[in-house]
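Survey of secondary and tertiary structure
What follows is the residue order along each chain.
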Amino acid sequence: MLKNRVKELRARYGFTQSDLGKQVDVTRQTIAFIEKGEFSPSITLALKLAKALQTNVDELFWLEGDEEDEK
Amino acid sequence: MKNDFRLQYPLWQMGFIILLGAFAYGLSSPMTEVVNTETENSIMISIGGTQSLFAMIALLLYFILLAVFASQLRKHNKNNPHQKVSAFSIRPPEYLEQDEGMTYITRKAAQKVYTFITWSLPLLAAFAIILPLPKLFIIWGILLVALGQYWIYYREVRSHLKEETE
């Protein structure tokens with residue numbers, strides 16, 4: 001399963017889901033689905049999100065289990 | 001999103017289907033008299049008292065629902081000029097595909113509906129072949145499948161959209 005830090009970084013920059021959605025050209029609902037891990041975004045959207053949240057895609061998204069491997 | 005007409009569209013369709021089922025009951029088993037002589041050519045169809053009342057009430061309710069539906073559709077199209085809904089589109093208007101997230105939930109809901117149709121239609125056909133069902137029951141069966149597909153679609157989409165938090 002794909003995990004992410006979208007909610008955390010969005011809160012850090014004080015964006016609402018709607019704000020972030022407007023920046024990356026998707027609906028607020030799509031941002032909510034991504035944050036809940038319900039939906040894996042396309043590479044294009046992942047890159048747009050990383051840019052909007054001033055980070056890299058691999059800092060924003062990772063596969064479940066990979067986190068433990070690094071430890 | 002919760003007030004989005006496209007989300008409510010399956011519920012409207014379910015309402016129309018239920019009234020159509022009631023209308024079908026009202027019109028079931030009519031008496032038909034065909035006169036075809038040298039001097040007269042006529043067909044007379046008579047329906048039972050209670051059943052005709054049922055058919056008339058169902059038809060009246062159908063037109064009332066149609067009027068309310070048309071008014072809601074007009075209201076939606078006026079408020080959402082870039083996302084107009086057409087009741088006569090070949091593509092079902094309940095598809096929510098304005099971006100990849102919404103396309104994802106539409107696809108999930110459509111998959112569930114497809115699975116339901118895959119099983120229910122052959123089963124319905126089998127019942128109709130094996131059992132000596134009256135025409136009305138077969139019509140109700142078809143309407144039940146139509147009702148089921150809208151309900152499955154609505155529930156699936158609704159479940160994704162109900163926990164919306166900013």
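Residues numbered from 1 in each chain as written. Chains lettered and ligands numbered in written order. Predicted model: local features only at pLDDT ≥ 70, side-chain atom pairs only at ≥ 80, totals over all residues. Heavy atoms only, no water.

1. A look at helix H2 (residues 49–79) of chain B
All names here are of chain B. Put simply, the rule is: Elements are defined by DSSP. Helices are runs of H or I of four residues or more, strands are runs of E of two residues or more, and each kind is numbered from the N terminus. Working rule for helices: expected span equals 1.5 Å times residues minus one. Relative accessibility thresholds used throughout: buried, under 20% of the residue-type maximum; exposed, over 50%; partly exposed, between the two (1.4 Å probe, protein chains only). Whether two residues are in contact is decided by their heavy atoms, any of which lying within 4.5 Å being enough.
When the terminal C-alpha atoms of H2 are compared, their 45 Å separation across 31 residues agrees well with the 45 Å that a helix rising 1.5 Å per residue should span. Along H2, the residues classified as buried are Gln51, Ala55, Ala58, Phe69, Leu73, His76 and Asn77. Packed against the buried residues of H2 are helix H1 (5–26).

2. Details of a nonpolar patch on the surface
Residue and element names in this part refer to chain B. Our working rule: Patch definition: residues above 30% relative accessible area lacking any salt bridge, with like charges linked at up to 9 Å and the nonpolar side chains Val, Leu, Ile, Met, Phe, Trp and Tyr linked at up to 5 Å. Per-residue and other accessible areas were derived by the Shrake-Rupley procedure at a 1.4 Å probe size, with only the shown protein chains allowed to occlude residues. Salt bridge, as used here: a side-chain nitrogen of Lys or Arg that lies within 4 Å of a carboxyl oxygen of Asp or Glu.
Together, Tyr25, Phe54, Trp119, Leu123, Phe127, Ile129, Ile130, Leu131, Leu133, Phe137, Ile139 and Trp140 make up a nonpolar patch on the protein surface, roughly 1,200 Å² of accessible area in all. Only helix H3 (100–130) and helix H4 (135–161) provide two or more residues apiece to the nonpolar patch. The element best represented in the nonpolar patch is H3, accounting for five residues. Using a relative accessible area of 65% as the deciding quantity, one classes Ile130 as exposed.

3. Section: the interface of chain A and chain B
Counted only if it meets this: Here the quantity called buried area is the total loss of accessible area, with a 1.4 Å probe, experienced by two parts when brought into contact, counted for both. Two N or O atoms count as a polar contact when they lie within 3.5 Å, although within protein this holds only if one can serve as hydrogen donor and the other as acceptor, and sequence-adjacent residues are included solely when both atoms are side-chain atoms.
Between chain A and chain B, the contact holds 16 residues from the first and 14 residues from the second. Interface area, chain A with chain B, both sides summed: about 1,300 Å², of which 49% is carbon and sulfur. At the junction of chain A with chain B, the criterion picks out zero salt bridges. Applying the counting criterion to the chain A and chain B interface returns six residue pairs in polar contact (both at pLDDT 80 or more). Among the elements that take part in the side of chain A that touches chain B, helix H3 (residues 28–36) of chain A stands out by supplying five residues, more than any other.

4. Here's the deal with empty space enclosed by the protein
Residue and element names in this part refer to chain A. What counts, and what does not: Every definition here rests on a 1 Å grid over the protein atoms only: cavities are sets of points where a 1.4 Å probe fits but cannot get out, pockets are open sets enclosed by protein on both sides within 12 Å along at least five of seven lines, and lining residues have some atom within 4 Å of a point. Grid points are joined across faces, edges and corners, and a volume is the space filled by probe spheres set on the points. All residues other than Ala, Val, Leu, Ile, Met, Phe, Trp, Tyr, Cys, Pro, Asp, Glu, Lys and Arg, Gly among them, are scored as polar; the first ten of these are nonpolar and the last four charged.
As enumerated under the stated definition, the model contains one cavity of 30 Å³ or more in all. Volume-wise, the largest cavity comes out at about 40 Å³. Around the largest cavity, the lining residues are Leu2, Asn4, Ile34, Gly37, Phe39, Ser40, Pro41 and Phe61. Its residues placed into classes, the lining of the largest cavity shows five nonpolar, three polar and no charged.

5. A closer look at the packing of H3 of chain A against H3 of chain B
Condition: Simply put, an axis is a line fit to the C-alpha atoms, just over the touching stretch for a helix, and the angle between two N-to-C directions goes from 0 to 180 degrees. Orientation categories follow fixed angle ranges, with anything under 35 degrees roughly parallel, anything over 145 roughly antiparallel, 65 to 115 roughly perpendicular, and all other angles oblique.
Put simply, H3 of chain A and H3 of chain B touch, their axes get as near as 7 Å, and they point 75 degrees apart. For the element pair H3 of chain A / H3 of chain B, the angle class is roughly perpendicular. Facing Gln29, Thr30 and Phe33 of chain A of H3 of chain A, the residues of H3 of chain B in contact are Gly101, Met102 and Ile105 of chain B. For the contact of H3 of chain A with H3 of chain B, the class distribution of residues is three nonpolar, three polar and no charged.

6. A short note on the UniProt feature "domain: HTH cro/C1-type" (unreviewed entry) in chain A
The cut-off we apply is this: UniProt positions are given in the numbering used here, feature names are shortened, and annotations may be inferred rather than shown by experiment.
The UniProt entry lists residues 6–60 of chain A under the feature "domain: HTH cro/C1-type" (unreviewed entry), expressed in the numbering used here. As annotated, residues 6–60 of chain A comprises 69% helix and 0% strand, and the C-alpha atoms at either end are separated by 6 Å.

7. Observations concerning the pattern of salt bridges
Residue and element names in this part refer to chain B. Scanning the entire structure with this criterion turns up 10 salt bridges over all chains. A salt bridge links Asp4 to Arg6, with the shortest nitrogen-to-oxygen separation between them at 2.7 Å. For the pair formed by Asp4 and Arg6, the shared burial category is buried. Across the salt bridge formed by Arg91 and Glu97, the nearest N and O atoms sit 2.1 Å from each other.

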